[in-house]
Amino acid sequence: MTAPVQAKLGPQEKDLLIKQIPALKGKKILIIGDVGLDEYVMGQVRRISPEAPVPVLEVDGEDKRLGLAANVAQNVASLGGIPMMVSVVGDDTGASLLKELSEKNGVSWEYMIVDKARPTTRKTRVMTGHHHLVRVDYELKKYLSEETEKNLLAMVQKHVAAADCVIIEDYAKGVISRNVVAKVSEICKAAGKKLMVDPHRNNPGSFYLGVDLIKPNYDEAVVLTGLDFDDLKGNPNKVVEVGRALQKITGAKEVVLTRGKDGMTIFSGDQITEVPTYAQKVFDVTGAGDTVIAALALGLVSGLSLVHSCMLANNAAGVVVGKVGCVPCEIPELIEYINEVH
């Protein structure tokens, strides 16, 4: 079994990454996946309601952010790339709010498909300080109608030539079906474009057959491979076994396994490389995976190796875990962060 190689972020690598950042500018990443609106209602709780034993929130602020795959798109934009966001929304308030927010954050609405029979996914979090009181979800978790799926694939086919690479961002809300993965894989192969996937644990690994690169976290990877957590528990080679199994099941040459505080393990053909994490303070991991895939894709299409692209992505993730909620990584923050990493 090939032993993993440890990658280090020394002065040379830092210099390489910082010099590469301008090359991300203008790279087009076509993203296919579920989009949603993240809403935050924030305030103070000082009393219990006389009507029912529930806290009364006195609202002092509201915030709306791009969620799900739209967060990947805004991360591509904030890092200098051009996101081509292909997704499905309803004909409702959620869609109007999402459109306004997308355009404000550099995410074009021109690739969006409207299906009047589906609501736009919205997640409203009611919070006091960092505590969630309740979350309200507006969504329909079922696969697209045949007609809407056909429109989605036609949109991908029409614009794939202009893209530098393609990401499938699966949040299991229904936009990504096995047929969509298979057809997008065919479209990408014919167009000579790299296809990356951020998978969902609801699906077996074989669901993603045909992709070039898959980026799960360790727990997702175990579920995707059908291996048993308990069997793996005492196994010192568990990460390698899971990564290899995933390569086999999905046919993906490259697997990027994100492991939180343990960094990333990268499988590329027979080679295994470990990249440490650079997160200095972890405040909120929401959206970190979205930042990772956006930075990884931009790194690869700008000419960085897979290992260096993962280093770039790890630094970008280090920036966003120091913030609350789904927020993109901005270039000045990224440069400062790379410089500060020890």
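That block above? That's the structure.
Summarised in this report is the structure supplied together with it. Remember, it's a predicted structure, so these values are computed and weren't measured experimentally. (Residues numbered from 1 in each chain as written. Predicted model: local features only at pLDDT ≥ 70, side-chain atom pairs only at ≥ 80, totals over all residues. Heavy atoms only, no water.)

### A few points about the pairing of strand 12 (residues 254-258)
(1) Moving on: Of all 5 residues in strand 12, 5 are buried, a share of seventy percent or more.
(2) Moving on: Of the two faces of strand 12, the one holding Glu254, Val256 and Thr258 and the one holding Val255 and Leu257 are both buried throughout.
(3) Moving on: With 2 bridges joining them, strand 11 (residues 213-214) and strand 12 adopt parallel strand pairing. Its bridge partner lying in strand 12, Ile214 is registered against Val255.
(4) Moving on: Two elements, strand 12 and strand 13 (residues 264-268), share 5 bridges in a ladder whose sense is antiparallel. Paired with Glu254 across the strands is Ser268, a residue of strand 13. (Buried < 20%, exposed > 50% of the residue type's maximum accessible area, 1.4 Å probe, protein only. Helix = DSSP H or I, 4+ residues; strand = E, 2+ residues; numbered from the N terminus. Pairing = 2+ DSSP bridges.)

### Here we look at the pattern of salt bridges
(1) Moving on: Counted according to the given criterion, the structure contains 16 salt bridges.
(2) Moving on: The salt bridge involving Lys64 is made with Glu39; its shortest N-O contact spans 3.8 Å. Of the two residues, Lys64 is situated in strand 4 (residues 55-68) and Glu39 in strand 3 (residues 35-48); the sequence distance between them amounts to 25 residues.
(3) Moving on: Given a relative accessible area of 7%, Glu39 falls into the buried group.
(4) Moving on: Of the charged contacts, one joins Lys233 and Asp230 as a salt bridge, the two residues approaching to 3.7 Å between their closest N and O atoms. The pair Lys233 / Asp230 is uniform in exposure class, with both members exposed.
(5) Moving on: Several salt bridges share partner residues, and in doing so they unite Lys123, Arg135, Asp137, Glu139, Lys141 and Lys173 into one network. (Salt bridge = Lys/Arg side-chain N within 4 Å of Asp/Glu carboxyl O.)

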